[in-house]
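Chain residues, written in single-letter form:
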Amino acid sequence: MKLQKFFAWIAVAIGVIYFFVPLIGTLEFSLRMRRDVYSFDAYRSVFSDLGFLTAFGFSMLMALLTIIFGMLLVVPTAYWVRLRLPQIRPFVEFITLMPLVIPAIVIVFGYLRLYNSSSILPLTGYNQTTNLLLVCSYIVLSLPYMYRSVDTAMRTIDVGTLTEAAESLGAKWTTIMFKCIFPNVMSGVLSGAFITLAIVMGEFTMASLLNRPAFGPYMQLIGANRAYEPSALAIIALAVTWLSMGLLQLVSRFSKSAPIKA
Amino acid sequence: MSTVTTSAVSTAPLINKRIVVDWLGIAPFVIFTLLFLIIPTLYLVMGAFLTPDGSFTLKNLGDLFTPTIMSAYWISIRISVASALGGAIIGFYLAWALVLGGLPSWIRSAFLTFSGVASNFAGVPLAFSFIATLGRQGLVTILLAHFGLNLYATGFNLLSFFGLTITYMYFQIPLMVLIITPALDGMKKEWREAASILGATNKQYWLMVALPILWPSLLGTTLLLFANSFGAIATAIALTGSSLNIVPIVLYAQIRGDVLHNANLGYALALGMIVITGISNVIYILMRMRAERWQK
């Protein structure tokens, strides 16, 4: 028993070293911009860069749109599958897991060939439509997490009875959807939303290959050209991840059965 | 298919209209996934079997076996195997300590929370972190130099096979911890008690009871980690520019500037990636189903 505890503490030590040394290294490096003294110069430089603000804002907007449209797609589908088409649930689940199997770079490669400016649906022809395509690609990337968290939340409510009750009171389907179903699966919607936020904010491949000015490609550009700012950016990105994961934990604590992470 | 659902919306007047409505309900989902997931992927898969002017060929797949592309696949596979094994072993050890090591419970919850964050901390920022830590001017490199150990003189380089493996393990270990902890939690106390009543030693218990139950989870998760790093690209690009010859970077360069001078060869490259990540994921799912027999 003594020996077991000893080995357990060694494991914890290895874990702490592996997890924290890079974080400390990054933090330390980000403070090293001014010679011989620690300062926040790198952060000041990052925050005063107009490129940072636009890229960060752009990714935030994309994340917001991804969450809104993703949920408008996922929640009704999960609801409908449970209510009317339980026999195709395995199939829908399989589809939602596919983005974990097909690498993002392959999906975006397909987009570029299929939706280029000389195709039937020239989505990459204009900035606005490319943004639309980017949002769709983010919805695809976050589909496994969104669908699973919503579906898990829906398991705890009796969709059939809720719908019947609403219908017998004369509710239209929009009322059922937005006043009965959405509020009841809010914990799932929020968990999905925070994972999506974390994914979209750091995403590089899609935005870079679609040539959109998102935070991921911006970070890569800074990384190639500057010395200390990248570390400051890494700390900022980590803060965003921490924030979304922290909120996720908070939300899943409110609901008993929501998973911590897919 | 049965249309007699228990949810019986008895107000619906026409039966055959309902079947249509039933299927129309998931039409948005079907259309969306067709447009943005299935068709783009199928387009590449089919393109891999076509010549530029549209006739069927196996030449693209054959061209994958040229030395440059083979070496890219080989390096990718080696990095993925190394980081998956490293992540799996350390992650399992850590998960074992958290579940069965008799540690204070706050350590367990702290590590699990942190794993949730760290497994999402991939991509470009992760590369920056490791440059700041193990790069030429990194904290650890400088600290070691203080003690007279020149890390880079020993042949270590962050921008190499070994460096990339160490970096990838930063998100592999926490992923392993997150997935394998429930499996370890599912190990019933009674099994251990039964084994020790029958006179089994600790070693016998692990070799003859615990590992046979755990191996589908272990193998499955390791394959998931493999697929996870095989498709990763942002970290590699931010770390090495695009100098390292791994498959996702070759494909990235191909998309950006047609480096292979043959679009259909690019499709074949993509198909190769799908096949490799696809196989490992399918085995993962099968293993998971096997493992879940014990977790009821």
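Residues numbered from 1 in each chain as written. Chains lettered and ligands numbered in written order. Predicted model: local features only at pLDDT ≥ 70, side-chain atom pairs only at ≥ 80, totals over all residues. Heavy atoms only, no water.

Let's talk about unusual backbone geometry
Residue and element names in this part refer to chain A. Even without glycine at this site, Asp36 takes up a positive phi of about 65°. Locating Asp36 in the fold gives a position in the loop between helix 1 (2–30) and helix 2 (41–47). Here Asp36 falls in the exposed class, since its relative accessible area comes to 81%. Positive phi values are uncommon outside glycine, yet Asn211 reaches one of about 60°. Within the element layout of this structure, Asn211 appears in the loop between helix 10 (205–209) and helix 11 (215–225). Taking the relative accessible area as the measure of exposure, Asn211 reaches 57% and is therefore exposed. (Helix = DSSP H or I, 4+ residues; strand = E, 2+ residues; numbered from the N terminus. Buried < 20%, exposed > 50% of the residue type's maximum accessible area, 1.4 Å probe, protein only.)

Looking at the UniProt feature "domain: ABC transmembrane type-1" (unreviewed entry) in chain A
In the UniProt entry, the feature "domain: ABC transmembrane type-1" (unreviewed entry) is given for residues 56–251 of chain A. A helix fraction of 81% and a strand fraction of 0% characterise residues 56–251 of chain A, whose end C-alpha atoms lie 25 Å from each other. (UniProt positions renumbered as here; feature names shortened; annotations may be inferred.)

Let's talk about the interface of chain B and chain A
Residue-level contacts link 83 residues of chain B with 79 residues of chain A. Together chain B and chain A conceal approximately 7400 Å² of surface at their shared face, both sides included; 77% is due to carbon and sulfur atoms. If you sort the residues of chain B by the area they bury against chain A, Phe29, Phe36 and Phe128 of chain B come out on top, with a joint share of 10%. Inspection of the region where chain B meets chain A yields 1 salt bridge. (Contact = heavy atoms within 4.5 Å. Buried area = accessible area lost by both parts, 1.4 Å probe. Salt bridge = Lys/Arg side-chain N within 4 Å of Asp/Glu carboxyl O.)

Focus: the UniProt feature "transmembrane region" (unreviewed entry) in chain B
Residue and element names in this part refer to chain B. In the numbering adopted here, UniProt assigns the feature "transmembrane region" (unreviewed entry) to residues 23–51, 71–99, 111–132, 138–159, 166–184, 204–226, 233–255 and 267–287. Summarising residues 71–99: 100% helix, 0% strand, and an end-to-end C-alpha distance of 41 Å. A distance of 13 Å separates the end C-alpha atoms of residues 233–255, which is 70% helix and 0% strand.

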